[in-house]
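Coordinates in review
The primary structure of each chain is shown beneath.
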Amino acid sequence: MKIVVSIGGSVLARDLKPLNFKNYADVIRYISKKNIVFIVTGGGKAAREYISVARELGTDEATCDLIGIELTRLNARLLIAALGEDAYFEPPLNYTEAKRASLMGKIVVMGGVTPGQTTDAVSAVLAEYIGADLLINATSIDGVYTSDPKKNKDAIKFEKMTPEQLVEIVMKTEMKAGANSPVDLLAAKIIERSNIETIVLNGEIPRNILEAVNGKHKGTVIKK
Ligand code: UTP
């Protein structure tokens, strides 16, 4: 299978400890023995801190995004360091470069590519572009809920949902300021148009990613 895994910066670099990166690298290396694997890393807390400093200094939003992209790429570099020879040596700057790198038989690890989006969208476009069989979104929530579970105790987790339902939920969430959306709207729309099977799961435990590849997980499956 061709698999794209998006690992949120908030889970991958939650405490910036080498062991954390090693644990993800072990799982990714294992999955790559039988599958073609692409990883997209998020920026996490560091990205948010850098962006907030830049914003307070009066920097425009597009430049803040470029700063965020640098941070996502730094996390990608750390994961590449943990993967050693098994990974392509640097994060590709765009999708064509990522595809070319994968043809060398290496695990490809990349961060953001362009302002105005997040790495959720990068992973969805990459999945579409390389013809992925599966997109895994390993994040800090354990699936897609009817509303933000951090704010609403009555929120119910979907075991399975259609891409159309995902778009609907994300639109409702994104319209509320400060809301925590499971994936960004652009990613949801790409998932909808390509109908890529997607799993949103709790990425805090690296093993959950392996379990999802094996069809056993407690996240949300998005499929027609
Ligand atoms: P993330 O994908 O990490 O955003 O990108 P996030 O929603 O904060 O994700 P978590 O918390 O790690 O799950 C960090 C920032 O980098 C910029 C955006 O500003 C984003 O908020 N970015 C990232 C881009 O502008 N373009 C990209 O392609 C990727």
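Here the structure is shown first, and the text comes after it.
Now for a description of the structure that goes with this document. Bear in mind the structure is a predicted one, so any value in this text is a computation, not a measurement. (Residues numbered from 1 in each chain as written. Predicted model: local features only at pLDDT ≥ 70, side-chain atom pairs only at ≥ 80, totals over all residues. Heavy atoms only, no water.)

**What about the overall build of the chain?**
- Along the backbone of the chain there are nine helices and seven strands.
- Whereas a compact globule of 224 residues would reach a radius of gyration of roughly 17 Å, the chain reaches 16 Å, a difference of no more than 12%.
- Counting only C-alpha atoms, the chain reaches 45 × 45 × 30 Å along its principal axes.
- When contacts within the chain are restricted to residue pairs at least 6 apart in sequence, those whose partners lie at least 24 apart make up 67%.
- Accessible surface, the chain: about 11,200 Å² in total, of which carbon and sulfur atoms supply 54%.
- Averaging the positions of the 29 positive and the 27 negative side-chain charges in the chain gives two centres separated by 5 Å. (Helix = DSSP H or I, 4+ residues; strand = E, 2+ residues; numbered from the N terminus. Rg over C-alpha atoms; globule rule 2.2 N^0.38 Å. Contact = heavy atoms within 4.5 Å. Areas by Shrake-Rupley, 256 points an atom, 1.4 Å probe, with all protein chains shown as cover. Lys, Arg positive; Asp, Glu negative; His and termini not counted. Charge placed at Lys NZ, Arg CZ, Asp CG, Glu CD.)

**Quick look at helix α5 (residues 95–102)**
- For α5, every residue scored as buried is listed here: Y95, A98, A101 and S102. Angularly, the buried residues of α5 cover 120 degrees about the axis, an arc narrow enough to put them on a single face.
- The elements touched by buried residues of α5 are β2 (36–41), β3 (108–110) and α6 (119–130). (Buried < 20%, exposed > 50% of the residue type's maximum accessible area, 1.4 Å probe, protein only. Arc of directions from axis to C-beta.)

**Let's talk about the packing of α6 against helix α8 (residues 185–194)**
- Interaxial distance between α6 and α8 falls to 8 Å at its minimum, and their mutual angle equals 20 degrees. Regarding the angle of α6 to α8, the classification is roughly parallel. Handedness of the crossing formed by α6 with α8: left-handed. Contacts from D120, A121, A124, V125 and E128 in α6 reach L186, A187, I190, I191, R193 and S194 in α8.
- A class-by-class count of the residues in the contact of α6 with α8 yields seven nonpolar, one polar and three charged. (Axes fitted to C-alpha atoms, helices over the stretch in contact; angles between N-to-C directions. Parallel < 35°, antiparallel > 145°, perpendicular 65-115°, else oblique. Left-handed = near helix turned anticlockwise from the far one by under 90°. Nonpolar A, V, L, I, M, F, W, Y, C, P; charged D, E, K, R; others polar.)

**Some details on the packing of aromatic side chains**
- This model, assessed by the stated rule, comprises one aromatic pair.
- Arranged with centres 5.0 Å apart and planes meeting at 55 degrees, the rings of Y88 and F89 form a pair that is tilted.
- Taking the relative accessible area as the measure of exposure, Y88 reaches 14% and is therefore buried.
- According to the relative accessible area criterion, F89 is exposed, its value standing at 57%. (Phe/Tyr/Trp six-rings, centres within 6.5 Å; stacked < 30°, edge-to-face > 60°.)

**Focus: the side chain of T41**
- With respect to the helices, strands and loops of the structure, T41 is situated in strand β2.
- Under the relative-accessibility criterion, T41 is labelled buried at 0%.
- Only 3.3 Å separates the side chain of T41 from the backbone nitrogen of A76, close enough to count as a polar contact.
- Apart from the residues within four sequence positions on either side, T41 is in contact with I7, L12, T72, N75, A76, L79, V109, M110, G111 and T119. (Polar contact = N/O pair within 3.5 Å; in protein donor to acceptor, adjacent residues only side chain to side chain.)

**A look at α6**
- The first and last C-alpha atoms of α6 sit 16 Å apart over twelve residues, in line with the 16 Å expected at 1.5 Å per residue.
- Among the twelve residues that make up α6, nine are buried, leaving the element largely enclosed by the rest of the structure.
- For α6, the full list of buried residues reads T119, D120, A121, V122, S123, A124, L126, A127 and I130.
- Here α6 starts with a cap whose side-chain oxygen sits 3.2 Å from the backbone nitrogen of D120, and that cap is T118.
- At the C-terminal side of α6, G131 shows a positive phi close to 70 degrees. (Expected span 1.5 Å × (residues − 1).)

**Here we look at unusual backbone geometry**
- Unlike most non-glycine residues, L16 shows phi in positive territory, near 50 degrees.
- Topologically, L16 is positioned in the loop between α1 (9–12) and α2 (18–32).
- According to the relative accessible area criterion, L16 is exposed, its value standing at 55%.
- Within the chain, N195 stands out as a residue other than glycine whose phi angle is a positive 55 degrees.
- Within the fold, N195 resides in the loop between α8 and β6 (198–202).

**Here we look at the site of the ligand**
- With respect to spatial proximity, 21 residues lie near the ligand, and among them G43, R48, D65, T114 and T119 are the closest.
- One of the backbone N or O atoms of G43 is found 2.6 Å from an oxygen atom in the ligand.
- With respect to the ligand, the side chain of D65 contributes an N or O atom lying 2.6 Å from an oxygen atom.
- For the ligand, the protein covers 82% of the area, taking 580 Å² as the surface of the free molecule.
- Breaking the shell around the ligand down by element, the ones donating at least two residues are α1, α3 (44–56), α4 (61–83) and α6. (Near = heavy atom within 4 Å.)

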